[in-house]
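Spelled out from the first residue to the last, the chains are:
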Amino acid sequence: MEEPLWYPATRMQQGLWVLDRDELQRPTQLVPSVVEFTGEVNHERLVEAAGLTIARHPSLRARFRFNAKRRRVEYATHGEPGAAVLRDAEAEGLGEPEVDALVRDLCSTPFDLAVDAPARAVVIRLDARRTLLVLVSHHIVVDGLSRTMLLEEMFTVYRARLAGTRPELSSPAHPASVVADRSPEEVTAQVTEVVERLRGAPVDVHLPFERGASDDLEAARLGATVTSRLDAEHTAKALAVASEEGCTTFMLGVALLAGTLARRSGQRDFLIAFAWPGRDHPDAADVIGMFITTVVLRVSLETDTSWRELLRDARVGSMEAFMDADVPLDALAAELNPDRTRLWPPLTPVLLNLDDAPHTPELAPGITGRLRPLDPLYVKYDLAVFVRIADAAEGPQLELSLDYPTDVTDHSAVSALLTDLRHSAADLATSPEEPVLEQPVETIDLDDPEERLDLVRSLWREVLGTDDDLDDDVSFFESGGDSLLLVVLVERLSQASGRTLRTVDLFRSTTVSGQAELLASPAESV
């Protein structure tokens, strides 16, 4: 039998292979997607589409090993592809709890990179109208863009199979064919330049919450998410100011994060990690593989730095990081943080990314799709911030999400940070020339019953357009409100409190006192 061709892993893949050796890190290396479809899905065709897609791409057939003689991690793509299977929850008698447990198991079971194909798919028929697609890959062969492309390709194949036609798909390129090869001398010179730019910045970030001291290291990897949106009017103003300074939505997020953290601490200089697509090769745009790199940018501010000036600094820091995105992070960490005591993250506990995941996957006409929140959610950073522009009836809205470890000692502090971020965005939108640190963030102690009541009363007056005193136990509708104004109230309460409220919640709790009690609950975690 002919010996398969073994390709050298990239530096990022080598780092992921090392992380995969740590039992506690292994689940964090998975890239799961859980898509829920509502409508009449042809399950056999969906399984076929998933199986064909997984089998087509060389990276999804990879097996990894460490070559001691060459002292490198390498991979071959000769292996069998992963399976795509169908499970019928209704026929198997699986209720919602059992299905949830099955999905959790699928999304958290590691791959043996030496033996297993690094991708699997399971189609779960819940009932005649509901279907789950669970796609799980290892991060060593799939980045975020690859995940999106895989799902879209599966849906393309599905539609073609339904129509009885052959899908129009290009021949997949091997990931090794689109990896730029640089000499050790070039890498060393670039590392030296970047180290000088980042030297002196603290490798820690003062966050407004602390991790627990539990010995349960596995639980310390579990995370939760809180999400909030800025209203459409302030979003438009914030994006306009950012555009005037040549800033992208990502750069706007950098400025908001640095400004908010600076307001809450004495820290003025920050290192922030982000993910770079890493597809610099002209033929890499549509290749399924792991090209992403973790990059660190530096952003700082002075006592009199305005929001507009902070945007400029965020743009400069981001552009510098973009230009040196192919610098190996492990080499930077060795120079800048040689005394680090944990494997990951190596330079900063904070990550910021643009959230470009497809939130409404399109399988076929008449079928609606949505990405389910991951359970469990595994986290690598103490704080991961995601920014995106979400569509809403009122217009585009800036959406901010925080992923954080569930072992924090004060979960309300995370929600308060999210509120502070939204307040910072509003300040940037309305007062871009004002110094960031001279604009105190007005925080509300949601643990204080009186502050909760005062907040709800003030927002009722705003929405109802009245200065009259309000009875805390009289219905919103009896006070002059209607269903349209209730929708406005839901948004304003969510914005002001950092709590993710639903219209149905306020229909059930129609009084000031009842809605104040709603705000006493933790922010929505998923």
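Residues numbered from 1 in each chain as written. Predicted model: local features only at pLDDT ≥ 70, side-chain atom pairs only at ≥ 80, totals over all residues. Heavy atoms only, no water.

A cluster of acidic residues, E302, D304, E309, E434 and E438, forms a negative patch on the protein surface. If you trace the backbone, E302 turns up in the loop between β10 (293-300) and α9 (307-323). Overall, the relative accessible area of 56% leaves E302 in the exposed class. (Patch = residues over 30% accessible without salt bridge, like charges linked within 9 Å, V, L, I, M, F, W, Y side chains within 5 Å. Areas by Shrake-Rupley, 256 points an atom, 1.4 Å probe, with all protein chains shown as cover. Salt bridge = Lys/Arg side-chain N within 4 Å of Asp/Glu carboxyl O. Lys, Arg positive; Asp, Glu negative; His and termini not counted. Charge placed at Lys NZ, Arg CZ, Asp CG, Glu CD. Helix = DSSP H or I, 4+ residues; strand = E, 2+ residues; numbered from the N terminus. Buried < 20%, exposed > 50% of the residue type's maximum accessible area, 1.4 Å probe, protein only.)

Reading across from one edge, β5-β6-β7-β2-β12 is the order of the five strands in this open sheet, with mixed pairing throughout. At either margin of the open sheet sits one strand with a lone partner, and together these are β5 (84-88) and β12 (368-371). Along the sheet, successive strands turn relative to each other by an average axial angle of 20 degrees, direction set aside. The pairing of β5 with strand β6 (residues 119-125) spans five bridges and is classified as parallel. Paired with A84 across the strands is A121, a residue of β6. The sheet contacts of helix α4 (residues 96-108) involve β2 (30-38), β5, β6 and β7 (130-138), and relative to β7 the element is tilted by about 20 degrees. Along the sheet, helix α5 (residues 144-163) contacts β2 and β7; its crossing angle with β7, the most-contacted strand, is approximately 140 degrees. (Pairing = 2+ DSSP bridges. Axes fitted to C-alpha atoms, helices over the stretch in contact; angles between N-to-C directions. Contact = heavy atoms within 4.5 Å.)

Turning to the environment of L489, a few remarks are in order. Tracing the chain through its elements places L489 in helix α13 (residues 483-497). Residue classification places L489 among the buried positions, given a relative accessible area of 0%. For the pair formed by L489 and T503, sequence separation is 14 residues and the distance between their alpha carbons is 8.8 Å. Sequence-distant contacts of L489, defined by excluding residues within four places in its chain, comprise L459, W460, V463, F476, L506 and Q515.

By the criterion of burial, β6 is predominantly enclosed, with seven of the seven residues buried. The alternating pattern of β6 places A119, A121, V123 and R125 and R120, V122 and I124 on opposite faces, both of which are buried. Sheet topology note: the β6/β7 ladder contains seven bridges and is antiparallel. Paired with I124 across the two strands is L132, which belongs to β7. Turn length for the β6-β7 hairpin, with the two strands adjacent in sequence and antiparallel, is four residues.

The terminal C-alpha atoms of helix α7 (residues 232-244) lie 18 Å apart, and with 13 residues this matches the ideal 18 Å at 1.5 Å per residue to within 8%. Taken together, the buried positions of α7 are A232, T235, A238, V241 and A242. Where α7 is buried, its residues touch α8 (249-263), α9, β15 (397-405) and α11 (411-430). Directly after α7, the chain includes G246, whose backbone phi takes a positive value near 70 degrees. (Expected span 1.5 Å × (residues − 1).)

A few words on the environment of P282. Counting through the fold element by element, P282 comes out in the loop between β9 (269-276) and β10. Residue P282 is classed as exposed on the basis of its relative accessible area, which comes to 70%. When the C-alpha atoms of P282 and V178 are compared, they prove to be 7.9 Å apart, with 104 residues separating the residues in sequence.

Let us now look at the nonpolar core. Grouped together as the largest cluster of nonpolar side chains are 75 residues, with contacts concentrated most on F37, F64, I124 and L363. At seven residues, the largest contribution of residues to this core is made by α5. Excluding its chain neighbours within four sequence positions, the residues that come into contact with I124 are R87, A89, L102, V103, L106, R130, T131, L132 and V134. Listed in part, the 53 residues of the second largest apolar core include A224, C247, V350 and A425. (Core = buried A, V, L, I, M, F, W, Y, C linked by side-chain atoms within 4.5 Å.)

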